[in-house]
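Here are the chains, one letter per residue:
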Amino acid sequence: MTATAACLTGALVLTACGGGGGSTDAGSDTGEVTFWDTSGPNESPVFTKIAQDCATKGGYKVKTETVAFDAALNNYKTAAQGGQGPDVFRAEVAWVPQLAKNSLVVDLTDTDLAKDTSDFLETPLGSTKFEGKSYGVPQVTDSLALFYNKKLLTAAGVQPPKTWAEVKDVAAKLGGEKSFFLNNDAYYALPFIYGAGGDLVDADSKKIVVNSAANVKALQTAKGLLDAKAASTALDPSNSYNNMQAGFSSGEVAMVVNGPWSVADYLKGAAFTDATNLGIAPVPGDTAGKGSAPVGGHDYVIRQGTKAKASSVKFIQCMSGTDAQVQVAKELGLLPTRKSAYDNADVKAQPVVAAFEPVAKAAHARPWIPEGGQLFDPLKIAYADFLAGKKDAKTALDEVAKAYQDQVVPEYSIG
């Protein structure tokens, strides 16, 4: 999820970290695109190569700079507000409406990028819209699925569980607490919440619903796995993800919930030197077939104030085209956003993509509001505290609802 930091944090260095400044001259184009790539070290070499191929074919120049994912949004906002930064930015889906609201990305509605979007999957495409206008183009999509160690499940005589109750039922055969690692991060709470029919906010009615009865039940389902010794988690939230990765990669843990970005790391682990041992299935739900995971992914956006708008449009057309998406899927196992890419024979044969295709198509849309990315921090604290037994579910979620109203969406009502 993170990327190597080729650009340093801080406004002082941003002018030297890509992109030209100043306002756009509609009659000129520099012919050089600076692209900020927020992908991880397993992915960035592939994106860089595709970017160079696009530039060669398109007759413009491109300079790719990898930026740390965790610092990318703040770096971009600081740079763009000062008329600096990249021409094209790989933005997490939740960032797009925020950048659009703050006029930091170009409205693409009247460009070729928005003329025909029928080939894109509906849910990822939704992340590029704000107030009825288009501000981005989907690059890759993702969601969460159940990863499992085939050898361990086969040896125990169990099938991949379809419900959280089944996770609890098979735990004893899979080593009790070692059967499943429960990441206590907010994003990983969403399969429980969505699977129970809950949500964080209702953007249409401007209501905060994070403390609903459905969500209370959802969190209790998660903690029920811990209480039944059917799962383990990290007491230190900052290490939860790394502990999950290490436990599953080594074969100590039989099952986890994660996204397609994690596969490259798993295949480096001792448990998956044979890649066919890695199993992928939809996340469990309250009832079989009713699991639901959040949509994630990234979009391409163009910085407001770019001096290379025409070249940036051509660059994104190429980077988001079917050929590029097929290459990304084949080489990295990341999920295309174009329907046509899934029709490619090589993509169909890519095991991770094939396993995730139904997951991605059924993924639950997140609220595409400017404050969408800010909904996670309060939930992260509450979820970790609840799983650690510090608070009951209703109290923890009531605190999240208050934090949302006080700090995130003050115009929303609770309940």
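For the structure, check the block above.
Novice: For the pattern of salt bridges, give the residues involved together with the corresponding values.
Specialist: Under the definition given, this model contains 19 salt bridges. Note that arginine 90 is salt-bridged to glutamate 43, the shortest N-O span being 4.0 Å. Placement of arginine 90 in strand S3 (residues 88-92) and of glutamate 43 in the loop between strand S1 (32-37) and helix H2 (44-58) is noted, with a sequence separation of 47 residues between them. Of the two residues, arginine 90 and glutamate 43, both sit in the buried class. We note a salt bridge from lysine 49 to aspartate 53, for which the minimum N-O separation is 3.1 Å. In this pair, lysine 49 and aspartate 53 both sit in helix H2, four residues apart, roughly one turn of the helix.

Novice: If you had to explain the state of the cysteines to someone new, which residues and values would you point to?
Specialist: Each disulfide consists of a covalent bond between the sulfur atoms of two cysteine residues. Tallied over the full model, the rule gives one disulfide. Shown here is the disulfide that connects cysteine 54 with cysteine 318, its sulfur atoms set 2.0 Å apart. Taking the torsion about the sulfur-sulfur bond, which here is approximately -80°, the covalent link between cysteine 54 and cysteine 318 counts as left-handed. One end of the pair, cysteine 54, is in helix H2; the other, cysteine 318, is in helix H12 (residues 309-319), with 264 residues separating them in the sequence. Since its relative accessible area comes to 3%, cysteine 54 is described here as buried. Residue classification places cysteine 318 among the partly exposed positions, given a relative accessible area of 21%.

Novice: Report on the side chain of threonine 337, specifying residues and quantitative values.
Specialist: You can see threonine 337 is positioned in the loop between helix H13 (322-332) and helix H14 (339-342). Owing to a relative accessible area of 0%, threonine 337 belongs among the buried residues under this scheme. Of note is the side chain of threonine 337, whose polar atom sits 3.2 Å from the backbone oxygen of proline 138. Leave out the neighbours within four places in its chain, and threonine 337 touches Asp119, Phe120, Leu121, Pro124, Pro138, Gln139, Val140, Thr141 and Gln325.

Novice: Talk me through the nonpolar core; I want residue IDs and the actual numbers.
Specialist: The tendency in soluble globular proteins is for nonpolar side chains to be buried as a group. Within the largest apolar cluster, 81 residues are counted, with the highest numbers of intra-cluster contacts made by Phe147, Phe180, Ile193, Met255 and Tyr404. By residue number, the principal contributor to this core is helix H18 (residues 393-408), which donates seven residues. Beyond its immediate sequence surroundings of up to four residues, tyrosine 404 is in contact with Leu200, Val201, Ile208, Val210, Leu375, Pro378, Leu379, Val409 and Pro410. Val33, Val137, Val140 and Val328 belong to the second largest nonpolar core, which has 28 residues in total.

Novice: I'd like a rundown of unusual backbone geometry, residues and numbers included.
Specialist: Phi angles above zero are rare outside glycine, and serine 103 is one such case at about 55°. Phi is positive for lysine 206, which is not a glycine, with a value near 55°. If you trace the backbone, lysine 206 turns up in the loop between strand S8 (201-202) and strand S9 (207-208).

Novice: Please set out the packing of helix H17 (residues 376-387) against H18 residue by residue, giving values where relevant.
Specialist: For any two helices packed against each other, the geometry comes down to the angle between their axes and how far apart the axes lie. At a closest axis distance of 9 Å, the pairing of H17 and H18 adopts a crossing angle of 170°. Judged by the angle between their axes, H17 and H18 are roughly antiparallel. In contact with Pro378, Leu379, Ala382 and Phe386 of H17, H18 contributes Ala393, Ala396, Leu397, Val400, Ala403 and Tyr404. The residue makeup of the contact of H17 with H18, split by class, is 10 nonpolar, no polar and no charged.

Novice: Hey, could you go over H13 for me, with residue numbers and the actual values?
Specialist: What H13 keeps buried is the set Ala324, Gln325, Val326, Val328, Ala329 and Leu332. Immediately downstream of H13, the backbone of glycine 333 shows phi near 75°, a positive value.

Novice: Can you explain the side chain of threonine 128? Please cite residues and give values.
Specialist: Structurally, threonine 128 is set in the loop between helix H5 (122-126) and strand S4 (129-130). With relative accessibility at 1%, the residue threonine 128 sits in the buried group. Residues in contact with threonine 128, not counting those within four places in the same chain, are Val96, Lys133, Ser134, Tyr135, Gly136, Val137, Pro138 and Asp299.

Novice: Go over the sheet that holds strand S10 (residues 255-258), please, and point to the residues and values.
Specialist: Across the sheet, three strands lie side by side as S10-S7-S11; this open sheet has antiparallel pairing. Two strands lie at the open edges of the sheet, namely S10 and strand S11 (278-282), each paired on one side alone. Averaged over all pairs of adjacent strands, the angle between their axes in this sheet comes to 30°, without regard to strand direction. The sheet contact formed by strand S7 (residues 145-149) and S10 spans four bridges and is antiparallel. Pairing of alanine 145 across the sheet is with asparagine 258, part of S10.

What counts and what doesn't
- Residues numbered from 1 in each chain as written.
- Predicted model: local features only at pLDDT ≥ 70, side-chain atom pairs only at ≥ 80, totals over all residues.
- Heavy atoms only, no water.
- Salt bridge = Lys/Arg side-chain N within 4 Å of Asp/Glu carboxyl O.
- Helix = DSSP H or I, 4+ residues; strand = E, 2+ residues; numbered from the N terminus.
- Buried < 20%, exposed > 50% of the residue type's maximum accessible area, 1.4 Å probe, protein only.
- Disulfide = S-S within 2.5 Å.
- Polar contact = N/O pair within 3.5 Å; in protein donor to acceptor, adjacent residues only side chain to side chain.
- Contact = heavy atoms within 4.5 Å.
- Core = buried A, V, L, I, M, F, W, Y, C linked by side-chain atoms within 4.5 Å.
- Axes fitted to C-alpha atoms, helices over the stretch in contact; angles between N-to-C directions.
- Parallel < 35°, antiparallel > 145°, perpendicular 65-115°, else oblique.
- Nonpolar A, V, L, I, M, F, W, Y, C, P; charged D, E, K, R; others polar.
- Pairing = 2+ DSSP bridges.

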